[in-house]
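So the chains spell out like this:
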Amino acid sequence: MDFIHQLLSIILPLLTILFLLFFLPPYLIFKLITYIFRSLCSENVAGKVVLITGASSGIGEQLAYEYARRGASLALVARREDRLSTVADKSRRLCSPDNLNIPADVSKAEDCKIIVDKAVSYLGCLDHSVNNAGIGQFRMSEDLTQISDFDRIICQAIESKKLWRVWTEIPFETCVQKGSSR
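Residues numbered from 1 in each chain as written. Predicted model: local features only at pLDDT ≥ 70, side-chain atom pairs only at ≥ 80, totals over all residues. Heavy atoms only, no water.

**Section: the pairing of strand E1 (residues 49-53)**
Rules: For the exposure calls, accessible area comes from a 1.4 Å probe over protein chains only, and a residue counts as buried if that area is under 20% of its type's maximum, exposed if over 50%, partly exposed in between. Under the scheme used here, helices are H or I runs from DSSP no shorter than 4 residues and strands are E runs no shorter than 2 residues, and both carry numbers assigned from the N terminus. Place the viewer so that the strands point away; then a crossover is right-handed whenever the path from the first strand over the helix to the second strand goes clockwise. Strands are labelled as partners when DSSP assigns at least two bridges between them.
Among the five residues that make up E1, five are buried, leaving the element largely enclosed by the rest of the structure. Along E1, one buried face is formed by Val-49, Leu-51 and Thr-53 and the opposite face, lined by Val-50 and Ile-52, is buried too. Where the polypeptide runs from E1 across helix H3 (residues 58-69) and back to strand E2 (residues 73-78), its parallel neighbour, the crossover connection is right-handed. In this sheet, strand E4 (residues 128-130) lies alongside E1 in parallel orientation, the contact comprising three bridges. When the bridges of E4 are listed, Val-50 appears paired with His-128.

Following this line, the structure appears as C-alpha cells:
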C-alpha cells in the first residue's frame, strides 16, 4: 500500500503539470477566440419583437432597456402594472419603436395564453422570448422547516414554463407573413 501512495505522489503532480502546460493554453486560446467572435457577430435585434416576462424590475427591467437601445419592439409582462408602465416609458425614450404592456401573472396558465395572444395580435409575431419572471423567499435555510414553504416558488417555476409551450404553438405562417426570421 505504501508503494502505491509513493507512486501516486510522484505521478499525479507530474500529470497535473503536463495537463496545465499542454491542454490549458489551447483551451484558453479557444475561449478567447469565441469571445471575440461573439462580440463582433452579435445579433441585430432592430425591428424584431421581444417578449420579456418579469420586466417591471431587476434583470427583466435592464433587459428591456438593452433591447430598446438596440431598436427592438417590446412586449413587456409583469404583475405590477404601475412599474411596468414606467419601464415602458423609459424604453420608448431609448428608441424602442413599439411597446406593449401586458399586466399578467405567468404562474397562471390562462394568463400565458393571453400574453402570447396579445403580443402576436398587437406586434404581429414573436422573435425572442425572455422568460425572466420569478419569485424568491429570503430566509435562512434553518428557518425552513417544511417542504410546503417552497410550494409557491416551485409552482411558479413550473407554471411559467407554460408560456414557452404556448409561444411555440404560434403558427409559422403568422411569422412569415410579417417577414420575421423566426
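**Quick word on the environment of Arg-69**
Locating Arg-69 in the fold gives a position in helix H3. For Arg-69, a relative accessible area of 47% puts it in the partly exposed group. When the C-alpha positions of Arg-69 and Leu-94 are compared, they lie 5.3 Å apart, and in sequence the two are 25 residues distant.

**Describing the pattern of salt bridges**
Condition: The salt bridge criterion pairs a side-chain nitrogen of Lys or Arg with a carboxyl oxygen of Asp or Glu, the two atoms within 4 Å.
Summed over the entire model, instances satisfying the criterion amount to six salt bridges. With a shortest N-O distance of 3.1 Å, Arg-92 and Asp-89 are connected by a salt bridge. Residue Arg-92 and its partner Asp-89 are located together in helix H4 (residues 81-93), separated by three residues, close to a single helical turn. When its relative accessible area of 39% is taken as the criterion, Asp-89 is described as partly exposed. Three or more residues are tied together by salt bridges with common partners; here these are Glu-66, Arg-69 and Arg-70.

**Some remarks on H3**
We apply this condition: Expected span of a helix: the number of residues minus one, times 1.5 Å. Throughout, the arc means that of the directions going from the helix axis to the C-beta atoms. Every residue pair with non-hydrogen atoms within 4.5 Å of one another is taken to be in contact.
Taking 1.5 Å as the rise per residue, H3 with twelve residues should run 16 Å; its terminal C-alpha atoms sit 17 Å apart, in good agreement. Where H3 is concerned, the buried positions are Gly-60, Glu-61, Ala-64, Tyr-65, Tyr-67 and Ala-68. When H3 is viewed along its axis, its buried side chains cluster within an angular range of 165° and face the same direction. Contacts from the buried residues of H3 go to E1, E2, H4 and E4.

**Some words on the packing of H3 against H4**
Selection criterion: Here an angle of 0 to 180 degrees is reported between the N-to-C directions of two axes, which are lines fitted to C-alpha atoms, with helices fitted over the stretch in contact. When describing relative orientation, an angle under 35 degrees is termed roughly parallel and one over 145 degrees roughly antiparallel, while 65 to 115 degrees is termed roughly perpendicular and anything else oblique. Crossings are sorted by hand: turned counterclockwise from the far helix by less than a right angle, the near helix makes the crossing left-handed, and turned clockwise it makes it right-handed.
Between H3 and H4, whose axes approach to 9 Å, the crossing angle comes to 25°. By the criterion of interaxial angle, the relationship of H3 to H4 is roughly parallel. For the crossing formed where H3 meets H4, the hand is right-handed. For the pair H3 and H4, the contacting residues are Glu-61, Ala-64, Tyr-65 and Ala-68 in the first and Arg-83, Val-87, Lys-90 and Ser-91 in the second.

Don't take any of this as a statement about function, it's just geometry.
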